[in-house]
Amino acid sequence: MKLQRNGRSKALAIGAMALVGSLSLAACGSDENKTPGTGGSSAAGSSAAIACGKAGQLLGAGSTAQGNAIDVWKVAYGAACSGSTITYSGGGSGAGVQQFNQGKVAFAGTDSALKQAEVDASKEVCKTGQGINLPMVGGLISIIFNVDGVDSLVLDGPTLAKIFDSQITKWNAPEIAALNPGAKLPDADIQAIHRSDDSGTTENLTKYFEKASGGAWTYKPSKTWAGKGGQSAAQSAGVSAQVKQVKNSISYAELSYAQTNNLKSAAIATGAAKPVEATAANAATTFAKAEIAGTGSDLALKLDYATKAEGSYPLVLVTYEVVCDKGNKPETLDTLKSFLNYTISDAGQKAIEAKGYVALPAELSSKVKAAVAALA
């Protein structure tokens, strides 16, 4: 498995992907674990120390796909670092980037790397620098469903695109039946639910459609939903709640939300020998082959949505924390670096695996750590 920059392969070191575990909240420790230059105390947990920044409040906003990960991290960080509070409001990737470029938050979570226009806009806030993408949360988009009498479901790119564009409207349609021989599919209308807010999850889903639908999806990938018909709900929590409540429904959300709501996830037929289940281990196989598309300290990734590799789940996403490479606000820079150092640490990445997230490959994590250390 390899991580590539500009097409050149580099060796990866990927740790074991355990999906169960417990989070140990850290307590403040000795000065021996201080991070140089932070001026803060440190906190030792069962597996690693959290080097605290200056006490104060750190504001973030954006991606709801990483919401459950942020919840884990902010509790651990707050317990370790007395007087420090991480406040993160969702609202979706689009809203988060907008708030960052308005100078309202110290970091934004987005499931889609910054567009050039957004980078240009960030220079007004960053002053001496610009916004960069730091991969922090690995995840996968689960195709969640609630179909009467159906416990397992296989779908593929063309069929999914047609479902979400109202081209296939019945659960017992021939296209779905062909992928699910022997299944008792109901003669019921499909209730397709999409995001109503601008969403990086939507953009990643539609990037998959662009690459894997065989032309069935005729729209450009976008954070804004473009398909015909269907129902809508706000944020990952909203679409998950709708699927749970509405019979014969289908939608898309980060795996963490599928697990939290006890929702079933469809397997994806990719052209591999057998359909690929929506698991963190299968998503890790796809992440291991990601390419770094950004330059310098920007670590935007190129993901292979059309993968046909065995056990490689195609519907993956990475949530980036958007920060200024230079020109961060002096009053929050110390805490920002401290918090991000924790989230990208082995302890921070392991802490969110039990929530259905995917620990980032070791080589990529090391690059993120170096970028965080260089923030100014």
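Scope of this entry: the structure provided in the associated data block. (Residues numbered from 1 in each chain as written. Predicted model: local features only at pLDDT ≥ 70, side-chain atom pairs only at ≥ 80, totals over all residues. Heavy atoms only, no water.)

## Quick notes on the overall build of the protein chain
Item 1. Secondary structure summary: the protein chain contains 12 helices and 18 strands in total.
Item 2. The long-range share in the protein chain, meaning contacts at least 24 apart out of those at least 6 apart in sequence, stands at 73%.
Item 3. Accessible surface computed for the protein chain: about 14900 Å², of which carbon and sulfur atoms make up 50%. (Helix = DSSP H or I, 4+ residues; strand = E, 2+ residues; numbered from the N terminus. Contact = heavy atoms within 4.5 Å. Areas by Shrake-Rupley, 256 points an atom, 1.4 Å probe, with all protein chains shown as cover.)

## Re the state of the cysteines
Item 1. Tallying each qualifying case throughout the model produces two disulfides.
Item 2. Here C52 pairs with C81 through a disulfide, and the sulfurs are 2.0 Å apart. With the S-S dihedral at roughly -85°, the linkage between C52 and C81 falls on the left-handed side. Note that C52 is positioned in the loop between β5 (49-51) and β6 (56-62) and C81 in the loop between α1 (67-80) and β7 (84-91), a separation of 29 residues in sequence. No difference in accessibility class separates C52 from C81, as the two residues are buried.
Item 3. Between C126 and C324 runs a disulfide, and the two sulfur atoms are separated by 2.1 Å. Judged by the sign of its S-S torsion, about -80°, the cystine formed by C126 and C324 is left-handed. Of this pair, C126 sits in helix α3 (residues 116-126) while C324 sits in strand β18 (residues 316-324), and the two are 198 residues apart along the sequence.
Item 4. C126 sits in the buried class, given a relative accessible area of 0%.
Item 5. Sequence-ordered numbering of the bonded cysteines in the protein chain gives a pairing of 1-2, 3-4. (Disulfide = S-S within 2.5 Å. Buried < 20%, exposed > 50% of the residue type's maximum accessible area, 1.4 Å probe, protein only.)

## Quick notes on the pairing of strand β13 (residues 249-254)
Item 1. Burial runs high along β13: six of the six residues are buried.
Item 2. Two elements, strand β9 (residues 131-146) and β13, share six bridges in a ladder whose sense is antiparallel. Within β13, the residue paired with I144 across the bridge is S251.
Item 3. Looking at chain direction, strand β11 (residues 191-195) and β13 are connected through two bridges and run parallel. Paired with A192 across the two strands is I250, which belongs to β13. (Pairing = 2+ DSSP bridges.)

## Here we look at the side chain of S142
Item 1. Summarising the element assignment, S142 is placed in strand β9.
Item 2. Among the polar contacts made by the side chain of S142, one reaches the side chain of S265 at a distance of 2.4 Å.
Item 3. When sequence neighbours within four positions are dropped, the list of residues in contact with S142 reads S251, Y252, A253, L255, A258, S265 and Y313. (Polar contact = N/O pair within 3.5 Å; in protein donor to acceptor, adjacent residues only side chain to side chain.)

## Description of the side chain of N68
Item 1. Relative to the elements of secondary structure, N68 occurs in helix α1.
Item 2. For N68, a relative accessible area of 16% puts it in the buried group.
Item 3. Within the local environment of N68, its side chain forms a polar contact with the side chain of S256, the two groups lying 2.6 Å apart.
Item 4. If we skip the residues at most four places from it in the chain, N68 touches S256, Y257, T260 and Y357.

Taken by themselves, the reported measurements are silent on function.
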